[in-house]
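# Secondary and tertiary structure notes
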Amino acid sequence: MIKKIILSFLFPFFVFGVDVSNIAGGTSSTVLLEDDNSSNYSNKTGQTVTQNDSNLSSKIQVFGSHLFSGNFTQSTQHIYNPDYKIAVADVISLKIWGAVNYESNLVVDSQGNIFVPQVGAIRVLGVKNSELLSVIQANVSKIYKDNVYVYADMNAYQNVSVFVTGSVNSPGLYKGLSSDSVVQYIDKAGGINLDYGSFRYIQILRDNKILQNIDLYDFLLKGQLKLLAFRTGDVILVSSLKSYVSAS
């Protein structure tokens with residue numbers, strides 16, 4: 001009876017329902033979840049524990065605590081993003097065949113161009129990934145009218161350096177690819193501090209302006225993660241925890 005009362009009290013705090021029987025992975029009967037509507041913790045007996053209670057996260061498992069264990073730092077990979085805009089230092093794989101044959105990996109220069117012999121400079125800076133082939137093809141067709149075929153694709157994204165700060169275990173400047181995810185960069189910074197870091201309130205800043213808000217509960221519960229092309233100087237800010245509620 002007590003458990004039913006507690007669960008009915010906890011449900012309004014969450015944006016979506018959570019099957020708490022699976023959260024703890026069978027190893028614990030109680031788990032902490034973030035809540036932004038209360039300044040207190042509520043334990044499984046219905047009593048309240050103030051947020052000042054030290055090391056609460058070490059006593060009860062925090063939902064998502066398993067996420068940052070270094071696995072995301074072990075590798076980076078080419079993730080196709082159709083909305084990604086070509087930037088300086090990106091590498092484009094170009095193949096032309098038919099009446100003329102040409103194949104090369106072309107680096108986008110500081111002017112935002114790639115240079116193709118006999119065709120000249122082609123401006124690709126700011127072009128979306130999904131439109132890259134058509135832009136190059138249009139320029140090649142101005143020189144070679146017939147029997148020429150073009151294939152173009154991103155070969156490698158540029159290397160960038162991103163600041164990770166706020167409630168993470170090792171704040172700092174971390175190198176990666178512009179296509180790397182926010183999860184990879186936070187993992188490089190040792191993960192979110194479980195005592196006072198938030199999984200739900202993460203901001204990506206560019207030029208001191210908020211570019212995107214991230215809620216990692218979307219990733220943990222539904223596998224949803226927003227794609228973003230990072231640039232050198234971007235900041236990932238992990239906010240402080242507002243409050244926890246416990247469920248069992």
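Refer to the structure printed above.
About the cut-offs
Residues numbered from 1 in each chain as written. Predicted model: local features only at pLDDT ≥ 70, side-chain atom pairs only at ≥ 80, totals over all residues. Heavy atoms only, no water. Buried < 20%, exposed > 50% of the residue type's maximum accessible area, 1.4 Å probe, protein only. Helix = DSSP H or I, 4+ residues; strand = E, 2+ residues; numbered from the N terminus. Arc of directions from axis to C-beta. Contact = heavy atoms within 4.5 Å. Pairing = 2+ DSSP bridges. Axes fitted to C-alpha atoms, helices over the stretch in contact; angles between N-to-C directions. Patch = residues over 30% accessible without salt bridge, like charges linked within 9 Å, V, L, I, M, F, W, Y side chains within 5 Å. Areas by Shrake-Rupley, 256 points an atom, 1.4 Å probe, with all protein chains shown as cover. Salt bridge = Lys/Arg side-chain N within 4 Å of Asp/Glu carboxyl O.

## Thoughts on helix H4 (residues 132-143)
Every buried residue of H4 is accounted for by Leu132, Ile136 and Val140. For H4, the angular spread of the buried residues around the axis is 45°, confining them to a single face. Where H4 is buried, its residues touch strand S5 (91-98), strand S7 (113-116), strand S8 (120-123) and strand S9 (148-156).

## Concerning the sheet that holds strand S15 (residues 244-247)
Read from one edge of the open sheet, three strands run S4-S1-S15, paired in mixed fashion. Lying at the two open borders of the sheet, with one neighbouring strand each, are strand S4 (61-62) and S15. Pairing geometry for strand S1 (residues 31-34) and S4, over two bridges, is parallel. Residue pairing for S4: Val31 is matched across the bridge by Gln61.

## Remarks on the pairing of S1
What you see with S1 is no split at all: Val31 and Leu33 on one side and Leu32 and Glu34 on the other are buried throughout. Summarising the sheet, S1 and S15 pair through four bridges and their orientation is antiparallel. Residue Val31 lies in a different strand from S15, and its bridge partner there is Ala247.

## So, the pairing of strand S10 (residues 159-166)
The pairing of S10 with strand S11 (residues 172-177) spans six bridges and is antiparallel. Bridge assignment links Val164 to a residue of S11, and that residue is Gly172. Counting the residues that bridge the hairpin from S10 to S11 gives five residues. In terms of strand pairing, S10 meets strand S14 (residues 235-240) through four bridges, oriented parallel. Paired with Phe163 across the two strands is Val235, which belongs to S14.

## Observations concerning the sheet that holds S11
Pairing in this open sheet of five strands is mixed, and the strands run S11-S10-S14-S12-S13 from one edge to the other. The open sheet has two edge strands, S11 and strand S13 (209-214), and neither has a second partner. Neighbour-to-neighbour, the strand axes of this sheet turn through a mean angle of 30°, independent of strand direction. Where strand S12 (residues 197-206) meets S13, five bridges bridge the pair, whose relative direction is antiparallel. If you follow Arg206 over to S13, its bridge partner there is Lys209.

## With respect to a nonpolar patch on the surface
A cluster of nonpolar side chains, Trp97, Tyr149 and Tyr151, forms an exposed patch at the surface whose accessible area comes to about 330 Å². Note that Tyr151 resides in strand S9.

## Concerning the side chain of Ser93
For Ser93, the location among the structural elements is in strand S5. Accessibility expressed as a relative area gives 15% for Ser93, which makes it buried. When neighbours within four sequence positions are excluded, Ser93 is seen to be in contact with Ser104, Asn105, Tyr151, Ala152, Asp153 and Asn155.

## Structural notes on unusual backbone geometry
Here Asp207, not a glycine, exhibits a phi torsion of approximately 55°, which is positive. Positive phi is not limited to glycine here, since Asn208 has a value of about 65°. For Asn208, the position within the fold is in the loop between S12 and S13.

The analysis is restricted to geometry; functional conclusions fall outside its scope.
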